[in-house]
Amino acid sequence: MIPFNRPPYMGNEIRYIQDAINNKKICGDGAFTQKCHQWMEDKTNAAKAFLTTSCTQALEMAALLAGIKAGDEIIMPSYTFVSTANAFVLRGAKIIFVDIRPDTMNIDEALIEPAITKKTKAIVPVHYAGVSCEMDTIMELAAQYDLFVIEDAAQGVMAAYKGQDLGSIGDFGCYSFHETKNYSMGEGGAILLRGDQYVEQAEIVREKGTNRSNFLRGQVDKYTWVSQGSSYLPSDINAAYLWPQLEQADEINCDRLKSWTHYHEALKPLEDAGKLELPVIPAECEHNAHMFYIKVKDIDVRGRLINFLKENEIAAVFHYVPLHTSPAGKKFGAFSGEDQYTTKESERLLRLPMYYGLQNWEIDEVCARIYDFFG
Ligand SMILES: *Cc1c(COP(=O)(O)O)cnc(C)c1O
């Protein structure tokens, strides 16, 4: 069986976890957490990075930091994971869904301005497959209308737009270190703060609404409840699992990109023959091979291809039933303009096996079966 995903394992995980235990500090913000923070700050130039227990919780932190409240409107694509929307719905906001571009599956930047109203508070670009949204346009709109930009960069670790790391372009950026992402601590994530004006507030929100961080630095002589917050710190044991991957982030990234290119070259003749479409990477985007997907004619062909691959012991999957068509999406959101591509393109997309350590012979096997399918 060729699995869809295999979580990375670099070799030093057990040793580092043992170190964390020996440090007698397995709760949040221990030595390995600090290493991960430093790595993210050095890599992205963000003013501050904090590990969280998931990208979902990083998004929830961002919603709290942006002061999102009942009646606010938040603009995002409908083709995304539920957490992108839930984080803001939890604060009472209404979600305004905007159509995607068929080439990248990202929010269509040209359709954002018509969706802006007096109630709009934030734009949430989702960098699908680690390929950046058109951030210059989004940042200009945000400046013009005084909106927050909160990047859902769950899939965007080690990817960039015009040389700037995803997650560090908007006011806040959210990473995922879930098992299915490029870098994993089982369950985990991070929030990046571009500037330092929200750092203290972020420390408070992340530490259950207390000023414990000030206390630990000796800035106040007792710590107390000062604001809204929750428990967003992962255990240092989880950070110790993530650390070997960040130490070897380039190795993981190169390996994935190599696999991505191998797929692309192998399947190009099928694209030229009009049987399927391959992903598009705009020139200003440096992607991270989070995903390799193909697009077939329609949902019917996709269903048959998934079954065919499964019979040949290959796991291929699709995801994201557009949120505006879901029960909660209908209740908490509305689609701005016309759904020209969101539903149509999402029904054609199929994700092929992709993980660190995927072998070329496995890719060749997957592609050979796709060739068989198309005769
Ligand atoms: C995976 C993912 C999330 C959620 O990440 P968790 O770490 O599992 O909470 C959110 N948004 C997008 C686009 C994702 O791919």
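Read on for a plain summary of the structure. The shown structure was predicted, so the numbers you read here are calculated from the model rather than taken from an experiment.

Conventions we followed
Residues numbered from 1 in each chain as written. Predicted model: local features only at pLDDT ≥ 70, side-chain atom pairs only at ≥ 80, totals over all residues. Heavy atoms only, no water. Helix = DSSP H or I, 4+ residues; strand = E, 2+ residues; numbered from the N terminus. Expected span 1.5 Å × (residues − 1). Buried < 20%, exposed > 50% of the residue type's maximum accessible area, 1.4 Å probe, protein only. Core = buried A, V, L, I, M, F, W, Y, C linked by side-chain atoms within 4.5 Å. Axes fitted to C-alpha atoms, helices over the stretch in contact; angles between N-to-C directions. Left-handed = near helix turned anticlockwise from the far one by under 90°. Contact = heavy atoms within 4.5 Å. Nonpolar A, V, L, I, M, F, W, Y, C, P; charged D, E, K, R; others polar. Phe/Tyr/Trp six-rings, centres within 6.5 Å; stacked < 30°, edge-to-face > 60°. Lys NZ or Arg CZ within 6 Å of the ring centre and 35° of its normal. Pairing = 2+ DSSP bridges. Right-handed = clockwise from strand over helix to strand, strands pointing away.

### Notes on helix α2 (residues 31-44)
Item 1. End to end, α2 covers 20 Å across 14 residues, agreeing with the expected 20 Å (1.5 Å per residue, within 8%).
Item 2. Taken together, the buried positions of α2 are occupied by F32, T33, C36, H37, W39, M40, E41 and T44.
Item 3. The positive-phi residue at the C-terminal boundary of α2 is N45, with phi of around 70°.

### Overview of the nonpolar core
Item 1. Among the nonpolar cores identified, the biggest contains 48 residues, and M40, L51, F177 and Y183 are the most heavily contacted of them.
Item 2. Contributions of two or more residues to this core are made by α1 (13-22), α2, β1 (48-52), β3 (94-98), α5 (135-145), β9 (189-193), α8 (236-247) and α9 (249-272).
Item 3. Ranked by the residues each element gives to this core, the list is headed by α8, at five residues.
Item 4. The next biggest cluster of nonpolar side chains, apart from the first, holds 34 residues, and it includes A93, V124, Y232 and L323.

### Structural notes on the packing of helix α3 (residues 55-65) against helix α4 (residues 82-89)
Working note: a packed helix pair is described by the angle between its axes plus the distance between those axes.
Item 1. Between α3 and α4, the shortest axis-to-axis distance is 8 Å and the interhelical angle comes to 35°. The chirality of how α3 crosses α4 is right-handed. Together, T56, L59, E60 and A63 of α3 and S83, T84, A87 and F88 of α4 make up the contact between the two elements.
Item 2. Grouping the amino acids of the contact of α3 with α4 by side-chain chemistry returns four nonpolar, three polar and one charged.

### A word on the packing of aromatic side chains
Item 1. Evaluated as defined, the whole model comprises 15 aromatic pairs.
Item 2. An angle of 85° between the planes, with centres 5.1 Å apart, marks the rings of F373 and F374 as edge-to-face.
Item 3. The ring centre of F50 lies 4.9 Å from the NZ or CZ of K48, which sits over that ring.
Item 4. Positioned over the ring face of F318 is R302, at 3.8 Å from the centre of the ring.

### What to know about the pairing of strand β4 (residues 120-123)
Item 1. Two strands pair when backbone bridges link them, and strand β2 (residues 73-77) and β4 are joined in this way by three bridges, in the parallel orientation. Counted as the bridge partner of I74 is A122 from β4.
Item 2. Examined bridge by bridge, β4 and strand β5 (residues 148-152) share two bridges and lie parallel to one another. Along β5, the bridge assignment pairs I123 with V149.
Item 3. Traced from β4 through α5 to β5, the parallel crossover comes out right-handed.

So yeah, pure geometry; function would need other evidence.
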